Amino acid sequence: MPDGPVRPSALEGIRVVDVATLVAGPLVATTLGEMGADVIKIEQPGTGDPLRTWGDARDDIGLVWKSVSRNKRCVTLDLRHEAGQQLLHRLLAVSDVIILGSRPSALARWGLQPPDLVQRHPRLVVLHVSGYGTGGPDSDKPGYGTLAEAMSGFANLVGEPDGPPALPPFMLADGVAALSAASAVLAALYHRDTSGGRGQWIDVNLIEPLARLIESATLAYDQLGRIPGRTGSRFDASAPRNCYRTSDGQWLAMSSASPRMAQRVFTVVGRPDLAADPAYYSPGGRSAHGDEIDMVVADWIAQRTLAEALKVFNDNDCAVAKVYDAQALLSDRHLAARGTFAPVADPDLGSMRVQAPVARFSATPSRIDHLGAALGAHNDAVYGGLLGLNEADLSRLQADGTI
């Protein structure tokens with residue numbers, strides 16, 4: 001992170017209440033918190049967000065939790081208690097955004113239906129991220145990113161042609177939904193603050209944001225009656241486009257989206273005849289000759305080490321890259337120069353390298369102030385300092401299990 005005096009961030013003065021669990025909703029709050037919003041993370045007393053124990057851990061501390069919960073003030077609150085619901089409404093009265101992630105039936109039991117929240121708190125932006133979204137017959141079904149990756153059409157397109165559909169081993173659908181939802185929250189805040197001061201309800205599910213990225217498949221079916229199949233890492237309209245194995249057993253990724261880029265590659269691999277023939281360098285021609293093009297490039301790369309191949313392609317301004325693992329990613333000189341993975345001091349882990357905020361602002365920089373905190377670490381600061389509850393009130397709420 002940059003040295004020097006701390007400058008105001010873009011969302012200074014905005015308060016976000018994160019009531020969601022696991023990944024999609026909390027990732028929205030993470031993004032807003034990096035931009036300077038005061039994020040208050042609501043968790044179930046005693047157990048907390050399941051993300052605390054999800055994935056890899058060190059000394060029983062979830063590593064993903066530490067990163068996703070950066071900059072958040074962590075409080076406990078049982079929304080099954082009427083007193084807990086009342087306390088939440090007191091918090092919403094001094095907040096700008098609430099992020100919900102539960103099924104509609106659960107929100108109804110807790111009196112937290114989005115339209116009712118907007119009516120009770122007219123300036124509040126209410127984001128509901130769920131598996132299926134509202135308004136359809138499956139709205140109340142349990143939904144996770146895995147199901148969205150299947151139903152969006154993503155899994156059907158990923159994998160080898162003769163193999164099964166493939167699911168990503170990371171939180172893809174949740175992450176894509178979070179990016180869509182974060183931009184929607186910012187738009188709703190802009191509308192509120194420039195067009196009359198009223199909040200609104202935003203409905204985002206896990207399926208549609210990912211389906212939007214692969215809309216080419218539904219367009220092809222709608223207009224051509226064709227269902228695209230799995231092609232591995234190939235995409236013949238951009239051929240040569242694949243991951244190619246080198247003579248030293250490493251992998252090189254290549255893309256040739258433009259005709260000019262394809263011509264450069266053909267020249268490098270000793271096929272100037274292809275570079276001069278529109279039947280091979282045009283997008284339609286490459287789609288028609290994908291097998292031949294892929295084999296020509298694969299054979300050339302297979303006879304060279306990764307370092308040799310990268311040098312020749314880079315010297316000729318081709319679009320290539322080594323296929324990184326985590327170690328290579330953390331060691332990349334360009335990303336190191338940008339400070340992409342910076343060590344952050346942490347009371348539990350000592351120090352942990354996490355990815356810096358993605359967007360870089362010149363005047364209102366995003367930042368990481370701290371990583372995920374202990375369960376209920378900020379109860380006194382939020383309930384006492386922000387809402388003004390006295391020690392007797394806090395003791396009573398803790399004794400009856402509300403906090």
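Residues numbered from 1 in each chain as written. Predicted model: local features only at pLDDT ≥ 70, side-chain atom pairs only at ≥ 80, totals over all residues. Heavy atoms only, no water.

*Asks:* Could you give an account of the overall build of the protein, naming the residues involved and the relevant values?
*Replies:* Looking only at helices and strands, the protein features 20 helices and 13 strands. Seen through its principal axes, the protein has C-alpha atoms that stretch 85 × 50 × 40 Å. Across the 403 residues in the protein, those meeting the buried criterion constitute 45%. In the protein, 68% of the contacts between residues at least 6 apart in sequence involve partners at least 24 apart. Taken as a whole, the protein presents about 20,400 Å² of accessible surface, with 54% of it coming from carbon and sulfur. Here the protein contributes 37 positively and 45 negatively charged side chains, and the mean placements of these two sets differ by 3 Å. (Helix = DSSP H or I, 4+ residues; strand = E, 2+ residues; numbered from the N terminus. Buried < 20%, exposed > 50% of the residue type's maximum accessible area, 1.4 Å probe, protein only. Contact = heavy atoms within 4.5 Å. Areas by Shrake-Rupley, 256 points an atom, 1.4 Å probe, with all protein chains shown as cover. Lys, Arg positive; Asp, Glu negative; His and termini not counted. Charge placed at Lys NZ, Arg CZ, Asp CG, Glu CD.)

*Asks:* Which residues make up the pairing of strand β6 (residues 97–100), and what are the values?
*Replies:* Judged by which residues are buried, β6 turns out to be covered on both faces: Val97 and Ile99 on one side and Ile98 and Leu100 on the other are all buried. With three bridges connecting them, strand β1 (residues 15–18) and β6 associate as parallel partners. Note on β6: the bridge partner recorded for Val17 is Ile98. In terms of strand pairing, β6 meets strand β7 (residues 125–130) through four bridges, oriented parallel. Bridging across to β7, Val97 finds its partner in Val125. (Pairing = 2+ DSSP bridges.)

*Asks:* Account for the sheet that holds β1, naming residues and giving values.
*Replies:* Within the open sheet, the six strands sit side by side as β5-β2-β1-β6-β7-β8. Their pairing is parallel. Only two strands of the sheet have a single partner each, and these edge strands are β5 (72–76) and β8 (201–205). With direction set aside, neighbouring strand axes in the sheet form an average angle of 20 degrees. Helix-sheet contacts for helix α19 (residues 379–386) involve β1, β2 (38–43) and β5, and the interaxial angle to β5 is about 85 degrees. (Axes fitted to C-alpha atoms, helices over the stretch in contact; angles between N-to-C directions.)

*Asks:* Would you mind going over the pairing of strand β12 (residues 341–346) in detail, with residue names and values included?
*Replies:* The alternating pattern of β12 places Ala342, Val344 and Asp346 on a buried face and Phe341, Pro343 and Ala345 on a face that is not buried. Of the strand pairs in this sheet, β12 and strand β13 (residues 350–355) are connected by six bridges, and their pairing is antiparallel. Pairing of Pro343 across the sheet is with Arg353, part of β13. Linking β12 to β13, which pair antiparallel, is a turn of three residues.

*Asks:* Please give an account of helix α15 (residues 290–302) that cites residues and values.
*Replies:* Since the α-helix advances by 3.6 residues per turn, residues separated by three or four positions end up pointing in the same direction. A rise of 1.5 Å per residue sets the reference length of α15, with its 13 residues, at 18 Å; its end C-alpha atoms lie 18 Å apart and thus fit the reference within 8%. Of the residues making up α15, those classed as buried are Gly290, Ile293, Asp294, Val296, Val297, Trp300 and Ile301. Taken around the axis of α15, the buried residues stretch over an arc of 160 degrees, which confines them to a single face. Facing away from the buried side of α15 by over 90 degrees, the exposed positions are Asp291 and Met295. The elements touched by buried residues of α15 are β9 (242–245), β10 (251–254), α11 (259–268), α13 (278–281), α14 (283–288) and α16 (306–315). (Expected span 1.5 Å × (residues − 1). Arc of directions from axis to C-beta.)

*Asks:* Tell me about a nonpolar patch on the surface, and name the residues and values.
*Replies:* On the surface, Tyr144, Leu147 and Met151 cluster together to form a nonpolar patch covering roughly 330 Å² of accessible area. Summarising the element assignment, Tyr144 is placed in the loop between β7 and α6 (145–151). (Patch = residues over 30% accessible without salt bridge, like charges linked within 9 Å, V, L, I, M, F, W, Y side chains within 5 Å. Salt bridge = Lys/Arg side-chain N within 4 Å of Asp/Glu carboxyl O.)

*Asks:* Can you tell me about the side chain of Thr340, naming the residues and giving the values?
*Replies:* Counting through the fold element by element, Thr340 comes out in the loop between α18 (333–338) and β12. When neighbours within four sequence positions are excluded, Thr340 is seen to be in contact with Leu335, Val354, Gln355, Ala356 and Arg360.

*Asks:* Before we move on, could you go through the sheet that holds β9 and cite the residues and values that matter?
*Replies:* Read across the sheet, three strands follow the order β9-β10-β11 without closing on themselves; strand pairing throughout is antiparallel. Every interior strand has two partners, whereas the edge strands, β9 and β11 (320–322), have only one. Between one strand axis and the next, the sheet turns by 30 degrees as a mean value, whatever way the strands run. Here β10 runs beside β11; their pairing, made up of three bridges, is antiparallel. Residue pairing across strands places Met254 opposite Val320, the latter belonging to β11. Lying on the sheet, α15 is in contact with β9 and β10; it crosses β9 at an angle near 35 degrees.

*Asks:* Lay out unusual backbone geometry in plain terms, naming residues and giving numbers.
*Replies:* In most cases, non-glycine residues show a negative phi, while peptide bonds are predominantly trans. At the junction of Ala239 and Pro240, the peptide bond is cis and its omega measures out at 0 degrees in the coordinates. Positive phi outside glycine occurs at Asp59, with the angle close to 55 degrees. Among the secondary structure elements, Asp59 is positioned in the loop between β3 (57–58) and β4 (61–62). Residue Asp59 is classed as exposed on the basis of its relative accessible area, which comes to 61%.

*Asks:* Lay out the environment of Ala188 with the relevant residues and their values.
*Replies:* Position of Ala188 relative to the elements: it lies in helix α8 (residues 172–194). Along the primary structure Ala188 and Val97 are separated by 91 residues, whereas in three dimensions their C-alpha atoms are 9.7 Å apart. The residues contacting Ala188, other than those within four sequence positions of it, are Val125, Gln200 and Ile202.

*Asks:* Talk me through α11; I want residue IDs and the actual numbers.
*Replies:* Considered for burial, the residues of α11 that qualify are Met261, Ala262, Gln263, Val265, Phe266 and Val268. Contacts made by the buried residues of α11 are with β10, α12 (272–275), α13, α14, α15 and α16. Gly270 sits one or two positions beyond α11 and adopts a positive phi of about 80 degrees.

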